[in-house]
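Each chain, written out:
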Amino acid sequence: MSYNSLGARVRVYLDNGTTTPVAREVLDAMLPYFTEKFGHPVFPYSLGLEAAEAVERSQRAVAGTINAKPEEIIFTSGATQSNDMAIRGVAYANRHRGRHIITTKVENPSVLRVCERLEREGFKVDYLPVDSEGFVDTAELERKLTEETILVSVANVNDEIGTIEPVEEIGEILRGRREKIYFHVNAAAGYGKVRIDVKKMGADLLSLSAHKVHGPKGVGALFVAEETPIEPVSYGYISLFKLRPGTENVPGIVGFGRAAELMAENFDRDVSCMRRLRDKLMAGLEEIPYTVINGPRGDKRSPANVSCSFKGVEGESMMLHLDLHGISVATGSACSTTKLEPSHVLTAIGVKAAVAHGTIRFTLGRYNTEEEIDYTLSVVPRVVEQLRRISPVKPEQL
Amino acid sequence: MSYNSLGARVRVYLDNGTTTPVAREVLDAMLPYFTEKFGHPVFPYSLGLEAAEAVERSQRAVAGTINAKPEEIIFTSGATQSNDMAIRGVAYANRHRGRHIITTKVENPSVLRVCERLEREGFKVDYLPVDSEGFVDTAELERKLTEETILVSVANVNDEIGTIEPVEEIGEILRGRREKIYFHVNAAAGYGKVRIDVKKMGADLLSLSAHKVHGPKGVGALFVAEETPIEPVSYGYISLFKLRPGTENVPGIVGFGRAAELMAENFDRDVSCMRRLRDKLMAGLEEIPYTVINGPRGDKRSPANVSCSFKGVEGESMMLHLDLHGISVATGSACSTTKLEPSHVLTAIGVKAAVAHGTIRFTLGRYNTEEEIDYTLSVVPRVVEQLRRISPVKPEQL
Amino acid sequence: MTVDYTERGMLKYSEKLLERFRNPKNIGEMENPTVVAEEGDPQCGDMFRMFLKIENDRIVDARFLSFGCAANIATGDVTVDLIKGKTVDEAEKLQIKEIAEALGGLPAIKMHCAVLSYKTLKKALAEYRKTRSGAGPQG
Amino acid sequence: MTVDYTERGMLKYSEKLLERFRNPKNIGEMENPTVVAEEGDPQCGDMFRMFLKIENDRIVDARFLSFGCAANIATGDVTVDLIKGKTVDEAEKLQIKEIAEALGGLPAIKMHCAVLSYKTLKKALAEYRKTRSGAGPQG
Ligand SMILES: Cc1ncc(COP(=O)(O)O)c(C=O)c1O
Ligand SMILES: Cc1ncc(COP(=O)(O)O)c(C=O)c1O
């Protein structure tokens, strides 16, 4: 709870897709590992073994939430590092078989930037189109597959517009091929929102991030199925599984483990609660004139995501005005980027640039309440109206 | 405090060179950033700005301890990542000018493994020899410099035997060259033990790790002097200074900042206290027959390091026996490695393999006390005697 | 959202700018302006409309509408403040950096907002000159 | 210290092994052993000396000395236990994996310790056979 700039003691955090507050239970689990159980997990004396056991407990906890084996979990500094390790690691290890990679136009920049890097290194990358709700075109995927294809990377949930992608179907398609094609799923936005089963998905690699599920920042995980050929992309001291060198962030990993357990324990309740709040928020926002919901509805949409374009309003101004009312949200406005281009995801689903600039993303977490949604719905229409009043752009013209 | 396996309530932690307990003040500084000030530092709403300001405060704090500018500090996941980013980053960015790198035989594996990687990629790396106390041969450095040399990497303090290397002299030599040769200093073991001034050293890059100075694990820093050409070695979302992508570990960074401040505030007291304990410990250990101190003495040795070889005794057994008495130390015994080779540092200073296997490293931190040293000195001789009694190897024969 | 912020702190606004954003003084339509000018494009995410009331070659009132970010609103507001009460000749001398300075500086990636409000002003003043010259000397 | 541990947990010993390490039962010199054998090399960081007292082809007592890690001490101790009271023929049948199993398993990188204690035993038994055959049948 903090005071907002209007002096009101309100804080409605609706940007859980960007990062989340650490759960009290998670912090409590972490605390001893800073000051008492502070050993280095590679050392076989008691303090070190205690730390190693804690890390292994977290491996088991995280593995349990995605139907993997504990040894298949490598802890990283976040999903960004997981994605880089997965995509470049598999690309390098399999380049002798082929240099073709397939991903989509709506991936997170942490995937796209790595793919662009690989293009500069001589790989060929195809970026699959999506439909107007953000669903990946699986028929196009089948057409693009060649003998040279070594890797497909798709997020199970789109972080901007909440589309739940047909990853199981994609896994099925890939399994049907004669040559092994590795399948990487970036599940940073989907973790805790949809059930994840690496076996059902046919995923060989899967990226997770703790700070999206009420765990700490600076910790992520990469699932690498046994026998997956993968090269390290960084080098140094102590290489765990020879892939991710450096002293492990033990308290962070313990926090991730606890966050994973809590996520699993509360999954059904959290998801149904988020879905209820999502639908309420979405319905309320749609009553504002000239407002468009981006992405699909119902079961095919992340229970945590509401993406909304308010025509005639600019997103950054909107975000900052909502902040003045104590409400934290994200914007897809280009005004916040160096490139000054609208979000690549909104562009991919066909939202016109002028509309995309007025996009706000509301994302829910475990701790949001109905009152917060009520409050938000009391504020947003006023802010939209206020900004439209000062705007030279008429919503009806967009 | 915990119970050791003998049931005694004693815990003497003398492995601060491996990792340290987080200082109470550091943990207190971090706590709000988990649950209240949990914003993402790239977002310009109040929660995000608050996080960004905290990160910048840490940048200033860390910069202040090494005479750098705040903008020259990049936070990483640890010194391992800092070393990889620095060495490969500068190597790749300057490969058009030359492909020759110089380092030493006694660097940390986090430097050596990166250099070996670069050798596989076509770079030529020279590993400078050291004398019997571990001092780098600067005359040999001068002889090895060529027109092709682009980078020199030397640790300011050796992490195994505590040798304080002549980095300022090396910086001076490099400054005297016509062509710019970049100078990287791995200061992970030297931070908080010797004064660091990147200007005086002539360092273009310098690596630090929080968990060696009572900060949290999973956070480090890389100093990169302005104008240093450097390429990223990892890719993804949100690239800070375009070098280190991924969500920043805000609480960890806050902790590092506070640890840096505490380190600076307590520097004189800590160093003189560690030096006193070091000398007391060293003197006491030397009274044990057939015991050799590795590395130099006095001002040229890290105040925190005592490296000792007990002839006729094997290090891992020694380490585990001391652990039973509640004393945590590290060993250079090969028995703890996959390679089954003695420490490369001990080999480089000419310690015979049979003696190297009996090496124990005691490393001090801010929180060690005189009583702990007294206790240690009451235990070690007994354990050495006990192990010598069961050993077929006679110390006098080594 | 997953826009590529290149650097943390890239969007750190000055207190002055935020104050202008929160409480712009000169925003809104104007009845019977002497000239109206528009610059920018909603496609690009920012647009200004500026209204000037000019009497005897002096800007007696000015207002603006903005579709844009916080920096956009604040630069528009301060630009209008800087020229109100000035003669057209004086207003023409306004420089982009004066706009940024009056806001206590602008983040590098937001300089284009100052440029846009400057261009809108220039367009309005040019428009005024054109109508004046068409109507012959006045006042 | 900066040895290259390849993996966390690589040195996790079983409770059985640690108990043997902490309280080995069979360690120490032996007065008047029938045979003594040595294997290993302090250069390589591990070495055994094994003493056997053999009466009527039966190992009535056995002890050992160890320069080595915890696994080394524990494998020596358990090897000696496994053959004590056995005949020489029975002792010869001992297998490396029995040693590891008796300790509740060994970390992969420590299997060489079981091999070393096995080799020391083999050497001692061979030595015994040699002296016996030299001295002619006895008992
Ligand atoms: C879909 C997706 N992938 C990757 C990331 C990056 O994760 P991290 O912040 O752990 O590096 C995010 C978070 O922004 C995300 O939403
Ligand atoms: C000299 C030296 N360099 C690098 C490292 C690695 O640092 P980190 O654990 O932060 O990756 C260490 C720590 O073991 C060290 O002592």
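Only a predicted model underlies this, so the values are computations on that prediction, with no experimental measurement involved. (Residues numbered from 1 in each chain as written. Chains lettered and ligands numbered in written order. Predicted model: local features only at pLDDT ≥ 70, side-chain atom pairs only at ≥ 80, totals over all residues. Heavy atoms only, no water.)

**Notes on the relation of the copies chain B and chain A**
Once turned by 180 degrees and shifted 0.0 Å along the axis, chain B lies on chain A with an RMSD of 0.0 Å. Taken together, the rotation angle and the small translation identify this as a two-fold axis. Judged by C-alpha distance, S77(B) is the residue of chain B that lies nearest the rotation axis, at 3.3 Å. The overlap is high: 100% of the interface residues of chain B also sit at the interface in chain A, so the same surface is used on both sides. (Least-squares fit on C-alpha atoms with pLDDT ≥ 70 in both. Contact = heavy atoms within 4.5 Å.)

**Digging into the domain arrangement of chain A**
The accessible area lost on association of the parts is a frequent measure of interface size. Residues and elements named next belong to chain A. Its domain assignment divides chain A into domain 1 (12-17 + 267-397) and domain 2 (24-265). One C-alpha centre belongs to domain 1, the other to domain 2; they are set 28 Å apart. Facing the 27 residues of domain 1 at the interface are 30 residues of domain 2. With both sides pooled, the region where domain 1 packs onto domain 2 buries about 2,300 Å², and carbon together with sulfur makes up 55% of that total. Applying the counting rule to domain 1 against domain 2 returns one salt bridge. Residue R195 pairs with D268 through a salt bridge whose shortest N-O separation is 2.9 Å. (Domains from an automatic or database assignment. Buried area = accessible area lost by both parts, 1.4 Å probe. Salt bridge = Lys/Arg side-chain N within 4 Å of Asp/Glu carboxyl O.)

**Regarding the packing of aromatic side chains**
Counting across every chain of the model gives eleven aromatic pairs over all chains. With a centroid separation of 6.4 Å and an interplanar angle of 85 degrees, the aromatic rings of Y191(B) and F256(B) are classed as edge-to-face. Residue Y191(B) is located in the loop between β6 (182-186) and α8 (198-201), and its partner F256(B) is located in helix α9 (residues 250-286); the two are separated by 65 residues in the primary sequence. On the numbers, 6.0 Å between centres and 55 degrees between planes, the contact of F48(C) with F64(C) is tilted. With a gap of 16 residues between them, F48(C) in strand β2 (residues 46-55) and F64(C) in strand β3 (residues 58-67) connect regions that are remote in the sequence. Residue classification places F48(C) among the buried residues on the basis of a relative accessible area of 0%. A network of ring pairs unites the aromatic residues F75(A), Y191(A) and F256(A) as a single cluster. If you follow R99(A) out to its NZ or CZ, it ends over the ring of F123(A), 5.0 Å from the centre. (Phe/Tyr/Trp six-rings, centres within 6.5 Å; stacked < 30°, edge-to-face > 60°. Helix = DSSP H or I, 4+ residues; strand = E, 2+ residues; numbered from the N terminus. Buried < 20%, exposed > 50% of the residue type's maximum accessible area, 1.4 Å probe, protein only. Lys NZ or Arg CZ within 6 Å of the ring centre and 35° of its normal.)

**Considerations on the interface of chain B and chain A**
Contacts between the two partners involve 54 residues from chain B, matched on the other side by 54 residues from chain A. Note on chain B versus chain A: buried area summed over both sides is about 4,700 Å², and carbon and sulfur give 65% of it. On the chain B side of the interface with chain A, the three residues burying the most area are Y45(B), K217(B) and Y235(B), jointly 16% of the side's total. For the pair chain B and chain A, the number of links is zero salt bridges. The interface formed by chain B and chain A includes 18 residue pairs in polar contact (both at pLDDT 80 or more). (Polar contact = N/O pair within 3.5 Å; in protein donor to acceptor, adjacent residues only side chain to side chain.)

**What about the nonpolar core?**
Among the nonpolar cores identified, the biggest contains 295 residues, and F310(A), F362(A), F310(B), F362(B), L52(C) and L52(D) are the most heavily contacted of them. Those residues within four positions of F310(B) in sequence are excluded, and the remaining contacts are L285(B), I288(B), Y290(B), T291(B), M318(B), G358(B), I360(B), F362(B), V380(B), V384(B) and R388(B). (Core = buried A, V, L, I, M, F, W, Y, C linked by side-chain atoms within 4.5 Å.)

**Observations concerning the confidence of the model for chain A**
For chain A, the average pLDDT comes to 93, and 94% of its residues sit at 70 or higher. Scored below 50 in pLDDT, residues 1-6 of chain A shows 18 contacts in the model against residues more than four places distant or in partner chains. (pLDDT = per-residue confidence, 0-100.)

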